[in-house]
Amino acid sequence: MNDFPLFPEQVSTVAPLVDALYLGLVAITGAVSLLIWIVIFYFAVKYRRRPDNELAQEQEPPAFLEMTWIIIPSIIFVVIFVAGAWVFFRINRVPANALEVYATGRQWMWKFQHPTGQREINTLHVPVGRPVKITMASEDVIHSLWFPSFRVKMDVLPNRFRTMWFEATKTGSYHIFCAEYCGTKHSAMIGTVVVMEPTEYQRWLAGGSEGSLASQGEKLFAKYACNTCHLDTASGRGPVLAGFYGKTRPLVNGQSVVVDDNYIRESILNPTAKIAAGFQPLMPTFQGQVSEDDLIRLLSYVKSIGGQASSLPASGVSPDATVPPAETPAGSGRDARPPQTTTIQGTER
Ligand code: CUA
């Protein structure tokens, strides 16, 4: 069967589930189609027009027959729904210990950023046997990030963050495709995901970068002068940002909002959309000034200080001691890592 591959290799924890669901649906629909065709041919021959039987006669089908074709298909449909919903939730619920990676789609390339600061173009390095969560947005049109071997795919939209996750089960290099027609070079918007042994991945992570995403975000926080209003104390013109990620925040209009990636994004690009209770709509918009890459860095910084004074599990912070925490401010602990052995950074733009 390996010489005649109908499917890409199964390289993630959900791949066998997706394939089983798909093949199950093909088997059921195939069997039903076959049954219908057999019955059509059988009846067409058996009840063909004959000289002594020119006119059709109305027949009442027996009740047990009616019940059979109501009950059996209903059971089949419920089974399909339950199986589909189960796989759907498996694919959509991000495990708590997932590594965080950020992806940006643009015409026509994929850019990936790791919390430790590494950046890649059309290549993504991930460890084997560990959930990886990808937070993604597009700089222009709708793209779709697709890992055929992992059986996961999601549209990448220009106006919000979306997330997906996978856990690779085998080392190697696998395809990345764009699965949404996005312009002339859509078909060239491809890449490679490199699944590595955890130790190898650690070595790769230690390779050069410009400091963690959060520390890059902290610099931007000062560069865009966010820190002139968002102070550490409540005396600022804007809300204190430390310790608020994942919390529910009351708004001036009496509603409230859960502070997540998309709320932070909206608050930077369209600050007057949801004003925090007790504050004036003073903040200028940063629409068109902050690139997608910088948005990710700012988000990363806000999340890194967001966990403070919080009993909530900070999203993306790794409980696994062998992997650096997803958001470490200011490159702390970097000296302890092995020396650089690989350099794979793609050239930007
Ligand atoms: Cu991007 Cu198709």
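Just so it is clear, the structure is predicted and the values come from calculations on it, not from any experiment.

Rules of the game
Residues numbered from 1 in each chain as written. Predicted model: local features only at pLDDT ≥ 70, side-chain atom pairs only at ≥ 80, totals over all residues. Heavy atoms only, no water. Phe/Tyr/Trp six-rings, centres within 6.5 Å; stacked < 30°, edge-to-face > 60°. Lys NZ or Arg CZ within 6 Å of the ring centre and 35° of its normal. Helix = DSSP H or I, 4+ residues; strand = E, 2+ residues; numbered from the N terminus. Contact = heavy atoms within 4.5 Å. Polar contact = N/O pair within 3.5 Å; in protein donor to acceptor, adjacent residues only side chain to side chain. Salt bridge = Lys/Arg side-chain N within 4 Å of Asp/Glu carboxyl O. Buried < 20%, exposed > 50% of the residue type's maximum accessible area, 1.4 Å probe, protein only. Patch = residues over 30% accessible without salt bridge, like charges linked within 9 Å, V, L, I, M, F, W, Y side chains within 5 Å. Areas by Shrake-Rupley, 256 points an atom, 1.4 Å probe, with all protein chains shown as cover. Pairing = 2+ DSSP bridges. Axes fitted to C-alpha atoms, helices over the stretch in contact; angles between N-to-C directions. Parallel < 35°, antiparallel > 145°, perpendicular 65-115°, else oblique. Left-handed = near helix turned anticlockwise from the far one by under 90°. Nonpolar A, V, L, I, M, F, W, Y, C, P; charged D, E, K, R; others polar. Core = buried A, V, L, I, M, F, W, Y, C linked by side-chain atoms within 4.5 Å.

## Here's the deal with the packing of aromatic side chains
- Counted under the stated rule, the structure contains 12 aromatic pairs.
- Within the aromatic cluster, the residues linked to one another by ring pairs are Phe 147, Phe 150, Phe 166 and Tyr 174.
- The ring of Trp 146 carries the charged tip of Lys 153 above its face, separated from the ring centre by 5.2 Å.
- Over the ring of Phe 161 we find Arg 265; its NZ or CZ atom is 4.7 Å from the centre of that ring.

## Some remarks on the side chain of Asp 19
- Along the chain, Asp 19 falls in helix α1 (residues 15–46).
- Apart from residues no more than four positions distant in its own chain, Asp 19 is found in contact with Phe 7, Gln 10 and Arg 151.

## Brief notes about the side chain of His 143
- Mapped onto the elements, His 143 comes out in strand β6 (residues 143–147).
- Side chain to side chain, His 143 and Asp 140 meet in a polar contact 2.8 Å long.
- Once residues lying within four places of it in the same chain are set aside, the contact partners of His 143 are Gly 105, Arg 106, Gln 107, Trp 110, Ser 138, Met 154, Asp 155, Val 156, Cys 178, Glu 180, Cys 182 and Met 189.

## Brief notes about the pattern of salt bridges
- According to the stated counting rule, one finds 10 salt bridges in the structure shown.
- For Lys 133, the salt bridge is made with Glu 100, and the minimal N-O distance between the two is 3.9 Å. Remark: Glu 100 occurs in strand β1 (residues 99–106) and Lys 133 occurs in strand β5 (residues 131–138); sequence separation between them is 33 residues. The residues Lys 133 and Glu 100 share a single accessibility class, namely buried.
- In this structure, a network of salt bridges that share partners links the residues Glu 100, Lys 133, Asp 261 and Lys 303.

## Thoughts on a nonpolar patch on the surface
- Among the surface-exposed residues, Ile 28, Val 32, Ile 36, Trp 37, Ile 40, Phe 41, Ile 72 and Ile 76 lie close enough to one another that they form a single nonpolar patch of about 740 Å² accessible area.
- When residues in the nonpolar patch are grouped by element, the largest group, six residues, is from α1.
- Relative to the helices and strands, Val 32 is located in helix α1.

## Comments concerning the pairing of β5
- Counting buried positions along β5 yields eight of eight residues, so the element is predominantly enclosed.
- Burial along β5 is two-sided: the residues Pro 131, Lys 133, Thr 135 and Ala 137 and Val 132, Ile 134, Met 136 and Ser 138 are all buried.
- Pairing analysis gives seven bridges linking β1 to β5, with the strands arranged parallel. By the bridge assignment for β5, Leu 99 is matched with Val 132.
- Bridging between β5 and strand β8 (residues 162–167) involves six bridges; their strand directions are antiparallel. Pairing of Met 136 across the sheet is with Arg 162, part of β8.

## Describing the packing of helix α5 (residues 261–269) against helix α6 (residues 292–306)
- At a closest axis distance of 10 Å, the pairing of α5 and α6 adopts a crossing angle of 120 degrees. Between α5 and α6, the angle falls in the class oblique. Every pair of crossing elements has a handedness; the one defined by α5 and α6 is right-handed. Counting all contacts with α5, which are made through Asp 261, Ile 264, Arg 265, Ile 268 and Leu 269, the residues of α6 involved are Glu 292, Leu 295, Leu 298, Leu 299, Val 302 and Lys 303.
- Taken together, the residues of the contact of α5 with α6 sort by class into seven nonpolar, no polar and four charged.

## Some points on the nonpolar core
- By size, the foremost hydrophobic cluster in this structure holds 34 residues, and its most contacted members are Leu 124, Ile 134, Leu 145, Phe 147, Phe 150 and Phe 166.
- Setting aside residues up to four positions removed in sequence, Leu 145 forms contacts with Ala 103, Trp 110, Phe 112, Ile 134, Met 136, Val 152, Lys 153, Met 154, Val 156, Met 164, Ile 176 and Phe 177.
- By size, the runner-up hydrophobic cluster in this structure holds 27 residues, among which are Tyr 224, Leu 269, Leu 299 and Tyr 301.

## A few points about helix α3 (residues 198–206)
- Within the span of α3, buried status applies to Tyr 201, Gln 202, Trp 204, Leu 205 and Ala 206.
- Taken together, the buried residues of α3 touch β1, β3 (119–121), β4 (123–127) and β10 (191–196).

## Description of the sheet that holds β8
- Judged by pairing direction, the sheet is mixed, and its five strands sit side by side in the order β3-β2-β1-β5-β8 without closing on themselves. Of all strands in the sheet, those bounded by a partner on one side alone are β3 and β8. This sheet shows a mean twist of 25 degrees between the axes of neighbouring strands, independent of strand direction.

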